[in-house]
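# Descriptive structure summary
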Amino acid sequence: RKEVEQDPGPFNVPEGATVAFNCTYSNSASQSFFWYRQDCRKEPKLLMSVYSSGNEDGRFTAQLNRASQYISLLIRDSKLSDSATYLCVVRGDNAGNMLTFGGGTRLMVKP
Amino acid sequence: NAGVTQTPKFQVLKTGQSMTLQCAQDMNHNSMYWYRQDPGMGLRLIYYSASEGTTDKGEVPNGYNVSRLNKREFSLRLESAAPSQTSVYFCASSADFYREQYFGPGTRLTVT
């Protein structure tokens, strides 16, 4: 089982739709969680950290479910500019506390 | 602030050639990292430097060496390039080892 798993998609949604991605992680002792966004042929950019209580940043909401070992990202009122790959990132308790990146979920928002 | 910068943006090497990828950050971050990204594999850590003067191996260090030249700069060297090292290489930095990471624009390397 991969340490961090994501549905690769693509998720094709119309503008204005609400879309949600889940990401599962295998290490129950994982400490920190992030969502990054990566545009085609560009570097990953931090979208938001994920806190235990859940957090919201504008149209984006992130949730953490430690019992089921998954994190989610909800995007409301999708924009064309939201089209990108969304990377789930987990910091575990492995040696050195490295970040482990999921393979990404591709989102395509269409007019 | 430029953030994290990388040079070169593109490079083509022949098998057996060597090269150094350069990375610099102007955010006064303590920790720096080198990743490679391959289709279907996600980002994998090659080497990291938790603080100036230290370097450690990541998940895929074979075939690479690094130098933390000073607090700002962290270079990655391929001594004898192989086709398996064809990839996109990203440098990243973070304020300290447990904080979120910020990435440079990447170097696209092809080894023929």
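Above this note sits the structure.
Described in the following lines is the structure provided in the data block.

Rules behind the numbers
- Residues numbered from 1 in each chain as written.
- Chains lettered and ligands numbered in written order.
- Predicted model: local features only at pLDDT ≥ 70, side-chain atom pairs only at ≥ 80, totals over all residues.
- Heavy atoms only, no water.
- Helix = DSSP H or I, 4+ residues; strand = E, 2+ residues; numbered from the N terminus.
- Rg over C-alpha atoms; globule rule 2.2 N^0.38 Å.
- Buried < 20%, exposed > 50% of the residue type's maximum accessible area, 1.4 Å probe, protein only.
- Contact = heavy atoms within 4.5 Å.
- Areas by Shrake-Rupley, 256 points an atom, 1.4 Å probe, with all protein chains shown as cover.
- Buried area = accessible area lost by both parts, 1.4 Å probe.
- Salt bridge = Lys/Arg side-chain N within 4 Å of Asp/Glu carboxyl O.
- Polar contact = N/O pair within 3.5 Å; in protein donor to acceptor, adjacent residues only side chain to side chain.
- Nonpolar A, V, L, I, M, F, W, Y, C, P; charged D, E, K, R; others polar.

## Focus: the overall build of chain A
The number of helices and strands found in chain A is 0 helices and 11 strands. Taking 111 residues into account, the globule formula puts the C-alpha radius of gyration at 13 Å, and chain A, at 14 Å, falls close to it. C-alpha extents for chain A along the principal axes are approximately 45 × 30 × 20 Å. Burial status across chain A gives 46% buried among its 111 residues. Once local pairs closer than 6 in sequence are excluded, the contacts in chain A between residues at least 24 apart make up 57%. Within the structure as shown, chain A displays about 5400 Å² of accessible surface, and the carbon and sulfur contribution to it stands at 47%.

## Focus: the interface of chain B and chain A
Between chain B and chain A, the contact holds 17 residues from the first and 17 residues from the second. When chain B packs against chain A, close to 1500 Å² is buried across both sides, 57% of that on carbon and sulfur atoms. The interface formed by chain B and chain A contains 0 salt bridges. Seen at the junction of chain B and chain A, the total is 4 residue pairs in polar contact (both at pLDDT 80 or more). Elements supplying a minimum of two residues to the side of chain B that touches chain A: β4 (31-38), β5 (42-49) and β10 (102-103) of chain B. Counting residues per element, the side of chain B that touches chain A draws most heavily on β5 of chain B, at 4 residues. The class makeup of the residues in the side of chain B that touches chain A is 10 nonpolar, 4 polar and 3 charged.

Geometric descriptors of this kind do not, in isolation, establish any biological role.
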